[in-house]
Amino acid sequence: MTGRSAVSAVKNALKSQAVETPSWAFGNSGTRFKVFTQPGVPRTPQEKLADAARVHAHTGVAPTVALHIPWDRVDDYGALAAEARELGLRIGAINSNVFQDDDYKLGSVTHPDAAVRRKALGHLLECVDVMDATGSGDLKLWFSDGTNYPGQDDISARQGRLAEALAAVYERLGEGQRMLLEYKLFEPAFYATDVPDWGTAYAHCLKLGEKAQVVVDTGHHAPGTNIEFIVALLLREGKLGGFDFNSRFYADDDLMAGAADPFQLFRIMYEVIKGGGFTARTAFMLDQCHNIEEKIPAIIRSVMNVQEATAKALLVDADALDAAQRSGDVLAANAALMDAFNTDVRPLVAKVRAELGADADPVAAYHASGYGEKIVAERIGGTQAGWGA
């Protein structure tokens with residue numbers, strides 16, 4: 001492939017990429033000690049859609065927005081989906097919430113009390129109803145379930161309760177719908193989390209069937225974990241459903257994607273591309289909270305970071321890398337990756353955005369648009385969206 005044809009192929013691939021934004025990232029958030037408010041934050045799901053549409057307008061590659069139930073609960077989900085379409089968006093993954101109710105203090109679907117388990121399962125099934133009404137194809141499940149002390153509950157029994165609930169939800173899924181099971185090393189359960197790692201999630205998904213896949217949150221691992229290895233293995237087994245992209249320094253920090261370790265994001269995207277995940281139904285979703293920075297520019301910057309990491313991964317000289325690997329040339333193999341990572345792809349990605357009808361410099365375009373000032377002036381009164389709302 002010539003240099004010109006290679007660049008053309010990269011551009012075409014980037015134009016086909018879609019990065020999903022999370023509705024909750026537009027709301028107020030903070031740390032476990034304090035939720036910080038900002039002027040202009042959305043008060044309704046509809047205003048969240050408007051902000052998501054602004055991100056898509058400037059980047060050209062963020063056409064879907066994930067909802068979180070009950071944070072985004074409305075009376076008419078069909079009307080909400082129609083409003084999204086009018087804004088040039090689609091409803092993406094439906095995210096359940098079985099972690100903010102007092103009843104879930106000891107767990108949700110793994111709770112020792114059958115009544116609490118029934119309540120949690122009812123909510124998960126409600127989320128499938130929302131999928132039906134909005135046209136969403138993905139149900140994303142994350143459970144805070146676990147225990148804080150040895151002996152608090154039966155570890156094996158909790159896995160059985162989890163499997164039972166997942167099977168009931170799986171049975172309810174319709175044509176073209178799938179379940180994405182997320183995992184998290186710890187927090188808020190500290191002794192034993194019921195879905196702590198990719199292996200646990202994979203085991204449950206494998207038993208359920210082809211509609212169940214694993215979602216990888218880049219912040220949900222122990223420090224030093226080789227996330228790209230997990231990605232490669234799940235792709236090889238056909239069980240990688242998608243990502244929650246964010247950055248972390250220590251734990252589940254949920255900072256802007258690609259901010260803390262852009263090389264890791266590049267390595268992940270390289271494995272995605274090499275393993276066929278870029279053309280498969282892999283969900284590239286952001287999952288982050290913007291506590292001290294402006295929310296919409298931070299989300300735009302995160303989309304850009306994913307684009308740039310993808311562009312670099314697409315530029316890896318696969319032939320040179322393969323030759324080096326086959327000959328055992330360790331340094332040449334590493335250099336093939338580093339050459340791509342060290343390439344300044346910003347001009348290339350800017351051209352892609354311009355050709356999509358978006359903005360070469362999305363952050364500058366956003367600030368020049370006056371949208372930030374507009375929403376601050378208009379969104380006066382009411383209750384701002386945030387954790388628990």
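Preceding this section is the structure that the text describes.
Reading the values: rules and limits
Residues numbered from 1 in each chain as written. Predicted model: local features only at pLDDT ≥ 70, side-chain atom pairs only at ≥ 80, totals over all residues. Heavy atoms only, no water. Helix = DSSP H or I, 4+ residues; strand = E, 2+ residues; numbered from the N terminus. Rg over C-alpha atoms; globule rule 2.2 N^0.38 Å. Buried < 20%, exposed > 50% of the residue type's maximum accessible area, 1.4 Å probe, protein only. Contact = heavy atoms within 4.5 Å. Areas by Shrake-Rupley, 256 points an atom, 1.4 Å probe, with all protein chains shown as cover. Lys, Arg positive; Asp, Glu negative; His and termini not counted. Charge placed at Lys NZ, Arg CZ, Asp CG, Glu CD. Pairing = 2+ DSSP bridges. Axes fitted to C-alpha atoms, helices over the stretch in contact; angles between N-to-C directions. Phe/Tyr/Trp six-rings, centres within 6.5 Å; stacked < 30°, edge-to-face > 60°. Salt bridge = Lys/Arg side-chain N within 4 Å of Asp/Glu carboxyl O. Expected span 1.5 Å × (residues − 1). Polar contact = N/O pair within 3.5 Å; in protein donor to acceptor, adjacent residues only side chain to side chain. Parallel < 35°, antiparallel > 145°, perpendicular 65-115°, else oblique. Left-handed = near helix turned anticlockwise from the far one by under 90°. Nonpolar A, V, L, I, M, F, W, Y, C, P; charged D, E, K, R; others polar.

Engineer: Mind laying out the overall build of the protein, listing which residues take part and the relevant values?
Structural biologist: Within the protein, the secondary structure is distributed over 14 helices and 12 strands. Computed over its C-alpha atoms, the radius of gyration of the protein comes to 21 Å, within 12% of the 21 Å expected for a compact globule of 389 residues. Across its three principal directions, the C-alpha atoms of the protein cover 65 × 55 × 40 Å. Of all 389 residues assigned to the protein, the portion counted as buried reaches 53%. Counting only contacts in the protein whose residues sit at least 6 apart along the sequence, the fraction spanning at least 24 positions is 79%. Surface accessibility of the protein: about 17000 Å² in total, with carbon and sulfur atoms responsible for 54%. Across the protein, the 38 positively charged side chains and the 51 negatively charged ones have centroids separated by 2 Å.

Engineer: Could you give an account of the sheet that holds strand β11 (residues 240–245), with specific residues and numbers?
Structural biologist: If you walk around this closed barrel you meet the 8 strands as β1-β4-β5-β6-β8-β10-β11-β12, and the pairing is parallel. Each strand axis lies, on average, 30° off the axis of its neighbour in the sheet, ignoring direction. Where strand β1 (residues 19–22) lies against strand β12 (residues 283–286), 2 bridges are found, and the strand directions are parallel. Its bridge partner lying in β12, E20 is registered against M285. Against the sheet, helix α7 (residues 227–236) touches β10 (212–217) and β11, its axis set at about 155° to β11.

Engineer: Break down the packing of aromatic side chains for me, citing the residues and quoting the values.
Structural biologist: Geometry of an aromatic ring pair is reported as the spacing of the ring centres plus the angle between the planes. Enumeration according to the criterion identifies 12 aromatic pairs in this entry. Their ring planes at 10° and their centres at 6.0 Å tell us that F243 and F284 sit as a pair that is stacked. Of this pair, F243 sits in strand β11 while F284 is found in strand β12, placing the two residues 41 residues apart along the sequence. Accessibility classification places F243 together with F284 in one group, the buried group.

Engineer: Give a detailed account of the pattern of salt bridges, specifying residues and quantitative values.
Structural biologist: When the charged atoms of two side chains with opposite charge come close together, those side chains can pair. For the coordinates displayed, the defined rule picks out 26 salt bridges. Across the pair R379 and D51 runs a salt bridge whose closest N-O atoms are separated by 2.9 Å. In this pair, R379 sits in the segment after α14 (371–378) while D51 sits in helix α2 (residues 45–59), placing the two residues 328 residues apart along the sequence. With respect to burial, R379 and D51 carry one shared label: buried. With its nearest N and O atoms 2.9 Å apart, the salt bridge here joins R326 to D322. Highlighted residues: R326 and D322, both in helix α10 (residues 318–327), separated by 4 residues, approximately one helical turn. Residue class for R326 comes out exposed when judged on its relative accessible area of 70%. The class of D322 is partly exposed, set by a relative accessible area of 33%.

Engineer: For the pairing of β1, give the residues involved together with the corresponding values.
Structural biologist: Residue alternation in β1 divides its side chains into two sets, V19 and T21 and E20 and P22, and both sets are buried. Across 2 bridges, β1 lies against strand β4 (residues 64–68) in parallel orientation. The residue bridging T21 from the neighbouring strand is V65, located in β4.

Engineer: Tell me about α2, residues and numbers included.
Structural biologist: Taking 1.5 Å per residue as the helical rise, α2 with its 15 residues ought to reach 21 Å, and the 21 Å between its terminal C-alpha atoms agrees with that figure. Of all 15 residues in α2, 11 are buried; the element is thus mostly enclosed. For α2, the full list of buried residues reads P45, E47, K48, L49, D51, A52, A53, V55, H56, H58 and T59. Following α2 by one or two positions, G60 adopts a phi angle in the positive range, close to 80°.

Engineer: So what about the side chain of Q288? Which residues, and what values?
Structural biologist: In this fold, Q288 is placed in the loop between β12 and α9 (295–314). Here A257 takes part through its backbone nitrogen, which lies 3.1 Å from a polar atom of the side chain of Q288. Excluding its chain neighbours within four sequence positions, the residues that come into contact with Q288 are P22, W24, A25, F245, N246, D254, L255, M256, A257, A298 and S302.

Engineer: Residues and numbers for the packing of α7 against helix α8 (residues 262–274), please.
Structural biologist: At their nearest, the axes of α7 and α8 sit 9 Å apart, and the two run at 15° to each other. It follows from the interaxial angle that α7 and α8 lie roughly parallel. Viewed along their axes, α7 and α8 form a crossing whose handedness is right-handed. Where α7 abuts α8, its residues I227, E228, V231, A232 and L235 lie against Q264, R267, I268, E271 and V272. Its residues placed into classes, the contact of α7 with α8 shows 6 nonpolar, 1 polar and 3 charged.

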